[in-house]
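# Report on the structure
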Amino acid sequence: MGHAFSPNRYLQDVDLRNAVPADADDVAQLLAELGYPCELADASERISMILANDRQALVLARREGAVCGLMALDFMYYLPLGTTTCRVTALVVTPNAQGMGIGRHLLKEAERRARAGGAARIELTSGAQRIEAHAFYQACGYSGSSVRFVKPLGSA
């Protein structure tokens, strides 16, 4: 059966909830932690965009009242399989809260929401340089499946 993850005492103090515009400061900080800095007004606008779209969700993890993690989800119709896929588009845990099982807790919530939303599978992407994150995702049951190619579109 292998070594099963057992949540430690920290997880009992962790609660998950959908982000609201008042969380913009925490969201901006967590996005910066992930390598995507944004201004407070920008974070507030991003939260509002997600709240206005029933195919997306932005979940915050809080421990003892302080936000310690963020996860964004996007549900999309996937033509090749003829079904819905749930993509984790962002996942970050603050450095002082890493190693407590919060990332796993967020991924379990993603899987729960994906099933509830009728998704047949869940996927995520991770930058090629994020070796530790790759090991974490593999330990959580995810496997590499494709190579992603990106082309930025200019302002024209």
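Above this text is the structure in question.
Every value quoted in this text rests on a predicted model; they were computed, and no experiment measured them.

## Examining the pairing of strand S3 (residues 66-78)
Sheet topology note: the strand S2 (residues 56-63)/S3 ladder contains 8 bridges and is antiparallel. Residue Arg63 lies in a different strand from S3, and its bridge partner there is Ala66. Hairpin connection between S2 and S3: a loop of 2 residues separates the two successive antiparallel strands, and Glu64 in this loop has a positive phi of roughly 55 degrees. Relative to strand S4 (residues 83-93), S3 is paired through 10 bridges, and the arrangement is antiparallel. Counterpart to Tyr77 in the pairing with S4 is Thr84. Hairpin geometry of S3 and S4 is characterised by an intervening segment of 4 residues between the two adjacent antiparallel strands and by a positive phi of about 65 degrees at Gly82.

## Overview of the packing of helix H1 (residues 24-34) against helix H2 (residues 40-51)
At a closest axis distance of 8 Å, the pairing of H1 and H2 adopts a crossing angle of 100 degrees. Judged by the angle between their axes, H1 and H2 are roughly perpendicular. Contact residues: Ala24, Asp25, Val27, Ala28 and Leu31 in H1; Leu40, Ala43, Ser44, Arg46 and Ile47 in H2. Of the residues contributing to the contact of H1 with H2, the split by class is 7 nonpolar, 1 polar and 2 charged.

## Quick word on the side chain of Thr85
In this structure, Thr85 sits in strand S4. Of the polar contacts made by the side chain of Thr85, one reaches the side chain of Arg121; its length is 3.2 Å.

## Remarks on the nonpolar core
Met71, Leu73, Val88, Leu91, Ile102, Leu106 and Leu107 are the most contacted members of the largest nonpolar core, which has 24 residues in total. Per-element accounting of this core gives the leading share, 5 residues, to helix H3 (residues 102-116).

## Section: the pattern of salt bridges
Within the structure shown, the criterion is met by 8 salt bridges. Note that Asp15 and Arg62 form a salt bridge whose closest N and O atoms lie 3.3 Å from each other. Taken together, the residues Asp15 in strand S1 (residues 14-18) and Arg62 in strand S2 connect sequence positions 47 residues apart. On the basis of relative accessibility, which here comes to 30%, the residue Asp15 falls in the partly exposed class. Taking the relative accessible area as the measure of exposure, Arg62 reaches 24% and is therefore partly exposed. A salt bridge links Arg87 to Glu123; the nearest nitrogen and oxygen atoms lie 2.4 Å apart. In this pair, Arg87 sits in strand S4 while Glu123 sits in strand S5 (residues 119-124), placing the two residues 36 residues apart along the sequence. In the salt-bridge network here, residues are joined through shared partners; they are Arg87, Arg121 and Glu123.

## Focus: the packing of aromatic side chains
Summed over all chains, the structure comprises 2 aromatic pairs. Here Phe136 and Tyr137 contribute two aromatic rings whose centre-to-centre distance is 5.4 Å and whose plane-to-plane angle is 55 degrees, an arrangement assigned as tilted. By relative accessible area, Tyr137 is classed as buried at 11%. Relative to Tyr142, the ring of Tyr137 has its centre 6.3 Å away and its plane inclined at 65 degrees; by these criteria the two rings are edge-to-face. Considered together, Tyr137 and Tyr142 belong to a single accessibility category, that of buried residues. Among the aromatic residues, those joined into a cluster by ring pairs are Phe136, Tyr137 and Tyr142.

Calculation rules
Residues numbered from 1 in each chain as written. Predicted model: local features only at pLDDT ≥ 70, side-chain atom pairs only at ≥ 80, totals over all residues. Heavy atoms only, no water. Pairing = 2+ DSSP bridges. Helix = DSSP H or I, 4+ residues; strand = E, 2+ residues; numbered from the N terminus. Axes fitted to C-alpha atoms, helices over the stretch in contact; angles between N-to-C directions. Parallel < 35°, antiparallel > 145°, perpendicular 65-115°, else oblique. Contact = heavy atoms within 4.5 Å. Nonpolar A, V, L, I, M, F, W, Y, C, P; charged D, E, K, R; others polar. Polar contact = N/O pair within 3.5 Å; in protein donor to acceptor, adjacent residues only side chain to side chain. Core = buried A, V, L, I, M, F, W, Y, C linked by side-chain atoms within 4.5 Å. Buried < 20%, exposed > 50% of the residue type's maximum accessible area, 1.4 Å probe, protein only. Salt bridge = Lys/Arg side-chain N within 4 Å of Asp/Glu carboxyl O. Phe/Tyr/Trp six-rings, centres within 6.5 Å; stacked < 30°, edge-to-face > 60°.

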